[in-house]
Amino acid sequence: MVQTKEMRMPEIAVSLDGATIFLFILRWFHFIFGIIWIGLLYFFNFVNGPFAKTMDANTKKLVVPQLMPRALWWFRWGAMITFVTGWLYIGTKLHLNGAGLTGTGGLFTSTWGQWISLGALLGSIMWFNVWFIIWPAQKKLITWTKTGQSPPEMAGLTKRAFLASRLNTYLSVPMLFCMAAASHLPAFSLAPVLAAFVIGFVLVWHLVNKVAGKVGANF
């Protein structure tokens, strides 16, 4: 007689300490608000930019004061929360493992740390552009559009905000590459960094200049 044994799945003990839960929550919120931030960045550059060129002065006076303050609220606070949770995550993780900047597994000495450092640097530049260039300029531009004013400095301020936003769009692709590489690439070297920048910049240029103005205008 053949005897059979009941098949059982192996039991896995899972222990979640407070630090692990805290790090997970930081990453969770970092992802959520990062999606909000970068999603709106792409909306401004791929959708709203081409659309704005089709509006006359009267239409802009109606649309811009209603659309932009709402979009920019989510945009700038998405950037802020992404920035804060990202640096909190990095600082907390380094503190818990005792690696610091240059120790074993440190920010500048480990593969994870090197990728995440470059990604955080790019993200910090983008955050700075949002809060100290784009948002201050847009506050004035929205007010002027709402009241029908066209002061001499309007053109220069518009260009400054546009260039900062476009720079953020270019930087976003290599930034996202670095964030993913921190968990998935086994080594940090110049070749993939350069590849991420070149491919990212070419992709954004193509989407902005060859795709965004054409798609979606007609079904």
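Please refer to the structure higher up on the page.
Residues numbered from 1 in each chain as written. Predicted model: local features only at pLDDT ≥ 70, side-chain atom pairs only at ≥ 80, totals over all residues. Heavy atoms only, no water.

The subject of this paragraph is the overall build of the chain. Helices and strands together make up the secondary structure of the chain, namely five helices and zero strands. When the helices and strands of the chain are listed from N to C terminus, the series reads α-α-α-α-α. Expected size for 219 residues packed as a compact globule is a radius of gyration near 17 Å; at 23 Å, the chain overshoots this value by more than 25%. Evaluated residue by residue, the chain yields a buried proportion of 38% over its 219 residues. (Helix = DSSP H or I, 4+ residues; strand = E, 2+ residues; numbered from the N terminus. Rg over C-alpha atoms; globule rule 2.2 N^0.38 Å. Buried < 20%, exposed > 50% of the residue type's maximum accessible area, 1.4 Å probe, protein only.)

For the rest of this paragraph, the subject is the layout of surface pockets. Each pocket or cavity is described by its volume, and for the largest pocket that value is around 1000 Å³. Counting only elements with at least two residues in the lining of the largest pocket, the list comes to α1 (18–52), α2 (57–97), α3 (111–147), α4 (154–184) and α5 (190–211). Counting residues per element, the lining of the largest pocket draws most heavily on α2, which supplies ten residues. For the lining of the largest pocket, the residue count by class is 20 nonpolar, 13 polar and four charged. Size it by volume and the second largest pocket reaches roughly 570 Å³. The wall of the second largest pocket is formed by 25 residues, among which His30, Phe31, Ile116, Met175 and Met179 lie closest to the centre. Mapped by element, the contributors of at least two residues to the lining of the second largest pocket are α1, α2, α3 and α4. Here the residues of the lining of the second largest pocket are counted per class, giving 16 nonpolar, seven polar and two charged. (1 Å grid on protein atoms, 1.4 Å probe; cavity = no way out; pocket = protein on both sides within 12 Å on 5 of 7 lines; lining within 4 Å. Points joined across faces, edges and corners; volume = space filled by probe spheres on them. Nonpolar A, V, L, I, M, F, W, Y, C, P; charged D, E, K, R; others polar.)

Below, the discussion takes up the packing of α2 against α3. Here α2 crosses α3 at 155°, and the two axes come no closer than 9 Å. Considering their axes alone, α2 and α3 lie roughly antiparallel with respect to each other. Read as a crossing pair, α2 and α3 show a hand that is left-handed. (Axes fitted to C-alpha atoms, helices over the stretch in contact; angles between N-to-C directions. Parallel < 35°, antiparallel > 145°, perpendicular 65-115°, else oblique. Left-handed = near helix turned anticlockwise from the far one by under 90°.)

Right, let's talk about the nonpolar core for a bit. The biggest cluster of nonpolar side chains holds 25 residues, and the ones touching the most others in it are Trp37, Phe44, Leu72, Phe75, Met126 and Val130. Within the residue set of this core, elements represented by two or more residues are α1, α2, α3 and α4. It is α3 that contributes the most residues to this core, nine residues altogether. Not counting residues up to four positions away in its chain, the partners in contact with valine 130 are Trp37, Phe75, Arg76, Ala79, Trp135, Pro136 and Asn168. (Core = buried A, V, L, I, M, F, W, Y, C linked by side-chain atoms within 4.5 Å. Contact = heavy atoms within 4.5 Å.)

What follows is about the packing of α1 against α3. As a packed pair, α1 and α3 sit with axes 13 Å apart at the nearest point and diverge in direction by 65°. The way α1 lies across α3 gives a crossing that is left-handed. Counting all contacts with α1, which are made through Trp37, Ile38 and Leu41, the residues of α3 involved are Gly123, Met126, Trp127 and Val130. The residue makeup of the contact of α1 with α3, split by class, is six nonpolar, one polar and no charged.

Another aspect to go through is α4. With 31 residues, α4 extends 45 Å between its outermost C-alpha atoms, agreeing within 8% with the 45 Å of an ideal straight helix rising 1.5 Å per residue. Along α4, the sharpest kink reaches roughly 30°, centred on serine 172 and followed within four residues by the proline proline 174. (Expected span 1.5 Å × (residues − 1). Bend = angle between axes of the 7 residues up to and from the residue.)

It is worth spelling out the packing of aromatic side chains at this point. Per the counting criterion, the structure on display carries 14 aromatic pairs. Taken together, a centroid distance of 4.0 Å and an interplanar angle of 5° make the contact between phenylalanine 83 and tryptophan 127 stacked. Of this pair, phenylalanine 83 sits in helix α2 while tryptophan 127 sits in helix α3, placing them 44 residues apart in sequence. Through a chain of ring-to-ring contacts, three or more aromatic side chains come together here, namely Phe83, Trp127, Phe128 and Phe132. Above the face of the tryptophan 135 ring, arginine 76 is positioned so that its terminal group lies 3.8 Å from the ring centre. The aromatic ring of tryptophan 112 is capped on one face by lysine 93, whose charged end is 4.2 Å from the ring centroid. (Phe/Tyr/Trp six-rings, centres within 6.5 Å; stacked < 30°, edge-to-face > 60°. Lys NZ or Arg CZ within 6 Å of the ring centre and 35° of its normal.)

Just distances and angles here, no functional claims.
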